[in-house]
Structure formats: structure tokens, C-alpha cells
Amino acid sequence: MDVKEAIKLAKDYARELFEEEGMVNFGLEEVEYDVDRDAWNITVGFSRPWSSTKNALSAITGEPSLKRLYRVVHIDSMGNVISVKRRLIDESSINH
């Protein structure tokens, strides 16, 4: 399985899995090939309506600031999804 196939599979799987949760801003974040396990780790990011926060900008615009969530979809070399796990991000390291 090449990287493009793995990405498509991961995105389709995550989109279907979280479809009923009203996710928005869905997209690819990161791709990693695990040589030892012969598997792909594909990170996707999205926002959920209930994960919003209030900040100075949202007070001005009236729009909530949507928190970005990340999930890693693990796919084996045969194209089977092994797992979907939460990816924790150190928000202090993100460039705004």
C-alpha cells in the first residue's frame, strides 16, 4: 500500500467514524510509516461543535473558537485499520 492509498483509507475511515458528531475543518495533518511494523500512522485533524472555547476574538465576532482535535489512524500493510487513537498536542509548541 502506498502513501496516497493509506491517506485516502484513513481519511475515509475517520470521516465515516466521526460523521454523526458534526465535525468540521477535517483534514490531513501528518503521515508516518512505521518500518518495524510495516504500517502507516495517519494523523487527521478536525473540530467538533462542543469543543469550542471562548476567547477575545470570539467575544468580538460572536463566533466560538473551535478547538482542533487530532486522531491517529493506524493501518497495516494489507489496508486494515488497526486502531484510531487520540493524539495529544502540546499547545504551547504550536505556532499561531
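If you're wondering where the values come from, they're calculated on a predicted model, not measured in any experiment. (Residues numbered from 1 in each chain as written. Predicted model: local features only at pLDDT ≥ 70, side-chain atom pairs only at ≥ 80, totals over all residues. Heavy atoms only, no water.)

Caption draft 1: View of the overall build of the protein. Looking only at helices and strands, the protein features two helices and six strands. Counting helices and strands in the order they occur from the N terminus, the protein gives α-β-β-β-α-β-β-β. With 96 residues in all, the protein has 31% of them scored as buried. Within the protein, counting contacts between residues at least 6 apart in sequence, those at least 24 apart form 44% of the total. Total accessible area on the protein is roughly 6800 Å²; 49% of this is exposed by carbon and sulfur atoms. (Helix = DSSP H or I, 4+ residues; strand = E, 2+ residues; numbered from the N terminus. Buried < 20%, exposed > 50% of the residue type's maximum accessible area, 1.4 Å probe, protein only. Contact = heavy atoms within 4.5 Å. Areas by Shrake-Rupley, 256 points an atom, 1.4 Å probe, with all protein chains shown as cover.)

Caption draft 2: Highlighting the side chain of serine 83. Inspection of the secondary structure assignment puts serine 83 in strand β6 (residues 81-86). For serine 83, the contacting residues outside a window of four places in its chain are Val72, Val73 and His74.

Caption draft 3: Structural detail: the environment of tyrosine 70. On the secondary structure map, tyrosine 70 appears in strand β5 (residues 69-76). When the C-alpha atoms of tyrosine 70 and phenylalanine 46 are compared, they prove to be 6.6 Å apart, with 24 residues separating the residues in sequence.

Caption draft 4: Summary view of the nonpolar core. Counting residues in hydrophobic clusters, the biggest one holds 13 residues, and the most contacted among them are Ile42 and Ile75. Sequence-distant contacts of isoleucine 75, that is, excluding residues within four places in its chain, are made with Met1, Ala6, Leu9, Ala10, Ala39, Trp40, Ile42, Asn80, Val81 and Ile82. (Core = buried A, V, L, I, M, F, W, Y, C linked by side-chain atoms within 4.5 Å.)

Caption draft 5: Focus on the pairing of strand β2 (residues 39-47). Here β2 lies mainly inside the structure; nine of its nine residues are buried. By the alternation rule, side chains of β2 split into Ala39, Asn41, Thr43, Gly45 and Ser47 and Trp40, Ile42, Val44 and Phe46, which are all buried. The sheet contact formed by strand β1 (residues 24-34) and β2 spans eight bridges and is antiparallel. Within β2, the position partnered with aspartate 34 by the bridge is alanine 39. Hairpin connection of β1 to β2: four residues between the antiparallel strands, including aspartate 38 at a positive phi of 50°. Two elements, β2 and β5, share eight bridges in a ladder whose sense is antiparallel. Paired with phenylalanine 46 across the two strands is leucine 69, which belongs to β5. (Pairing = 2+ DSSP bridges.)

Caption draft 6: Representation of the environment of glycine 22 in the model. For glycine 22, the position within the fold is in the loop between α1 (3-17) and β1. Exposure remark for glycine 22: the relative accessible area of 33% places this residue in the partly exposed category.

Caption draft 7: Seen up close, α1. The terminal C-alpha atoms of α1 lie 21 Å apart, and with 15 residues this matches the ideal 21 Å at 1.5 Å per residue to within 8%. Considered for burial, the residues of α1 that qualify are Ala6, Ile7, Ala10 and Ala14. Projected down its long axis, α1 carries its buried residues within an arc of 100°, all on one side. Across α1 from its buried face, at more than 90 degrees, point the exposed residues Lys4, Lys8 and Glu16. Residue aspartate 2 occupies the N-cap position of α1, its side-chain oxygen lying 3.1 Å from the main-chain nitrogen of lysine 4. (Expected span 1.5 Å × (residues − 1). Arc of directions from axis to C-beta. Polar contact = N/O pair within 3.5 Å; in protein donor to acceptor, adjacent residues only side chain to side chain.)

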